[in-house]
Amino acid sequence: METGFVVVEKVRGKSSVTQSFSKYPLKLIIPNKVGSNKTDAVWIYSLTYGGGIVSGDIISCGLTVGDDCTTVFTTQSSTKVYKSVGFKCSEQNLEWRLSRHARVALIGSNALLVVVPDPVTCFSTARYSQKQVFRLASNSSVVIVDWITSGRHEIGESWDFKLYKSTNHIFLEDQPLFLDSVLLEDGSITNISERMQGYQVIAMVILLGPKLKEVQIQVKEHVKRMMYEQLYTPTLGCKKRKSFGQTKPDMIASCSAFGPKGIGVVVRISKNYNRSRCIGFRDLRLTKDGAPQGHHHITDVIPE
Amino acid sequence: MEHEMEVDERKESVASENHLFKWSEWQLLDSILPTGGFAHAFGLEAAIQARFISEPADFKTYLIHVLENTASLLLPFVYATTVSPNMNAWKECDKILEAMMTNETSRKASISQGSALLRMSASVFVEVPLFKIMRDTLLASGTVSVHHAPLFGLVCGLLGFDSGTSQRAYMFITMRDVISAATRLNLVGPLGASVLQHEIAHVAEGLVKKWMNRPMEEACQTYPLLDTIQGCHSYLFSRLFCS
């Protein structure tokens, strides 16, 4: 039983919500005035009652973005997952359809979907699993940000949860294009904290489709330049390397193309909180030249 | 009396077939088999340059993390093609893995090793004509990627290995290649490498037991940092390895 669904279609030339529904524990808010009135985009905010997902909550939501429409999906604040009671796991399942009609995925829709939630934060002993499925038509474009922080850092929680699983499946014309699943589970051979090597945030950003070509090029260049400065070629001889006392970079990121003709780009980022709480912040503006499609800010890396 | 002798003869012939498998198995696991594994470091080179690894203990931790990620992500593909060693099952696995290997560096490494393994199998294991057919029709066609893990499972399956052997073998060659890369990167000497390899054999066995025999739908990454760090390989100014 779905806890929410939204359908966005062009009505009188404007992206509009034609159907929407949400019920506990999900709340969807669709404000009318977000961003400039020159841009044609629907903004959907997902909220949870009480500000977080409680042990055993199961949220499933279906969204459809019609031809030529632009939709931004985000959250009001970070998704907090409270402690698990009795080994219960909370779940969020989101299914996105970009298509000409609500229930049938057809050819070429020219739609743009931007999914930019705040990060998930699992509290101590929490168990959480989320799955997002995106079904795209051949020239759909999508931006997806999926990220998690280590916990309530201020009180010393760092990767203290029991289970976190995030699955993102992208199908292009019903063919599997990008299938990613990350599982962080306590109690395996090594604990989660060890595997995170001191980083407090991990993020994945996906840029896919014809509308994002320029942004993809910019992002690739930016990441490359940033990492060139961070990576250090060791000098000959191990002894010399030890005496350098170099520490890991505060942030590492890498960019990979995927899909036929590299139509997609995925950026993986890991960041530390350093002592001065210095913010590593990158704004990507998506400005569609001449088209009233959208002008969005995308925060690539967490501001603390 | 005669019946007993017949049974004995049959047992002997089965035993000698099993013994024959062993020769193929050892050859498949031997590092001198020309499959190009020596060119890949599983992100180790990038990890060193990003200061993830500054002493031998760090390398041991890194190795264990890589092995666990290999087990969680790739063993399901080895398993699937070992138990169904046919073209259709293999093509399906290959297509799914192509979508799952989202990191460009490791994806290219997987394809390069898979293709090399196919070429080698077509020349060496001539008792299996399918390898030659696959090599001649598929390698240049571009319709399949020829990823390493599914092909490895297929080779094992067609050579008659059981799925436990093939999955353990895949973990073994991963461990072997990471350790070999570490010696060439001066992280550890050859003797130290052998000591370490034996030391963590029980960890590798534990990982195999945990992650073996799972369906592809359950394949996942358990060490997401590896994806990030391996993806940095192309940013390295100077490098020895391809991945």
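Computed from a predicted structure; not experimentally measured.

## Here we look at the overall build of chain B
And step 1. A count of helical and extended segments in chain B gives 11 helices and 0 strands.
And step 2. Tracing chain B from N to C terminus, the helices and strands come up as α-α-α-α-α-α-α-α-α-α-α.
And step 3. Expected size for 243 residues packed as a compact globule is a radius of gyration near 18 Å; at 19 Å, chain B falls within 12% of this value.
And step 4. Here the C-alpha coordinates of chain B stretch approximately 70 × 45 × 30 Å along the principal axes.
And step 5. In chain B, which comprises 243 residues, the proportion classed as buried is 56%.
And step 6. In chain B, 81% of the contacts between residues at least 6 apart in sequence involve partners at least 24 apart.
And step 7. Total accessible area computed for chain B in this model is approximately 10,400 Å², and 58% of it derives from carbon and sulfur atoms.
And step 8. Computed over 19 positive and 26 negative side-chain charges, the inter-centroid distance for chain B is 8 Å.

## Topic: the pairing of strand β18 (residues 264–271) of chain A
All names here are of chain A.
And step 1. Counting buried positions along β18 yields 8 of 8 residues, so the element is predominantly enclosed.
And step 2. On β18, burial covers both faces: Gly264, Val266, Arg268 and Ser270 on one face and Val265, Val267, Ile269 and Lys271 on the other are all buried.
And step 3. Looking at chain direction, strand β16 (residues 201–208) and β18 are connected through 8 bridges and run antiparallel. Residue pairing across strands places Leu207 opposite Val265, the latter belonging to β18.
And step 4. Between the end of strand β17 (residues 251–258) and the start of β18, which pair antiparallel, lie 5 residues, with Gly259 showing a positive phi angle near 85°.

## A short note on the side chain of B:Thr174
Residue and element names in this part refer to chain B.
And step 1. Locating Thr174 in the fold gives a position in helix α8 (residues 163–184).
And step 2. Overall, Thr174 belongs to the buried group, its relative accessible area being 2%.
And step 3. Setting aside its immediate chain neighbours within four residues, Thr174 contacts Phe42, Val66, Leu67 and Thr70.

## Structural notes on the packing of α8(B) against helix α9 (residues 190–199) of chain B
Residue and element names in this part refer to chain B.
And step 1. As a packed pair, α8 and α9 sit with axes 10 Å apart at the nearest point and diverge in direction by 150°. Taken together, α8 and α9 sit at an angle that is classed as roughly antiparallel. Every pair of crossing elements has a handedness; the one defined by α8 and α9 is right-handed. The segment α8 lies against α9, with Phe172, Met175, Ile179 and Thr183 engaging Pro190, Ala193 and Gln197.

## Considerations on the side chain of A:Thr74
All names here are of chain A.
And step 1. Note on placement: Thr74 falls in strand β7 (residues 70–75).
And step 2. Relative accessible area serves as the criterion here: at 8%, Thr74 is assigned to the buried category.
And step 3. Here Val116 takes part through its backbone oxygen, which lies 2.6 Å from a polar atom of the side chain of Thr74.
And step 4. When sequence neighbours within four positions are dropped, the list of residues in contact with Thr74 reads Trp43, Ile44, Tyr45, Ser46, Val116 and Pro117.

## Considering the nonpolar core
And step 1. Ranked by size, the top nonpolar core spans 117 residues in total, and within it B:Leu28, B:Leu44, B:Phe52 and B:Phe59 carry the most contacts.
And step 2. The element contributing the most residues to this core is helix α3 (residues 56–83) of chain B, with 13 residues.
And step 3. Contacts of B:Phe52, omitting those with residues within four sequence positions, involve A:Gln197, A:Tyr199, A:Lys248, A:Ile252, B:Ala47, B:Asp58, B:Tyr223, B:Leu225 and B:Ile229.
And step 4. Ranked by size, the runner-up nonpolar core spans 43 residues in total, among them A:Ile53, A:Val81, A:Leu184 and A:Val266.

## Details of the confidence of the model for chain B
A low pLDDT means the predicted coordinates there should not be read in detail.
And step 1. For chain B, mean pLDDT is 90; residues scoring 70 or higher make up 96% of the total.
And step 2. We note a pTM of 0.85 for the whole complex and an ipTM of 0.89 for its interfaces.

## Quick notes on the pairing of strand β14 (residues 163–172) of chain A
Residue and element names in this part refer to chain A.
And step 1. Among the 10 residues that make up β14, 9 are buried, leaving the element largely enclosed by the rest of the structure.
And step 2. Relative to β14, strand β12 (residues 127–136) runs parallel, the two sharing 10 bridges. Residue pairing in the sheet places Ser129 in a bridge with Lys165 of β14.
And step 3. By the bridge criterion, 10 bridges tie β14 to strand β15 (residues 175–185) in an arrangement that is antiparallel.

Conventions adopted
- Residues numbered from 1 in each chain as written.
- Chains lettered and ligands numbered in written order.
- Predicted model: local features only at pLDDT ≥ 70, side-chain atom pairs only at ≥ 80, totals over all residues.
- Heavy atoms only, no water.
- Helix = DSSP H or I, 4+ residues; strand = E, 2+ residues; numbered from the N terminus.
- Rg over C-alpha atoms; globule rule 2.2 N^0.38 Å.
- Buried < 20%, exposed > 50% of the residue type's maximum accessible area, 1.4 Å probe, protein only.
- Contact = heavy atoms within 4.5 Å.
- Areas by Shrake-Rupley, 256 points an atom, 1.4 Å probe, with all protein chains shown as cover.
- Lys, Arg positive; Asp, Glu negative; His and termini not counted.
- Charge placed at Lys NZ, Arg CZ, Asp CG, Glu CD.
- Pairing = 2+ DSSP bridges.
- Axes fitted to C-alpha atoms, helices over the stretch in contact; angles between N-to-C directions.
- Parallel < 35°, antiparallel > 145°, perpendicular 65-115°, else oblique.
- Left-handed = near helix turned anticlockwise from the far one by under 90°.
- Polar contact = N/O pair within 3.5 Å; in protein donor to acceptor, adjacent residues only side chain to side chain.
- Core = buried A, V, L, I, M, F, W, Y, C linked by side-chain atoms within 4.5 Å.
- pLDDT = per-residue confidence, 0-100.

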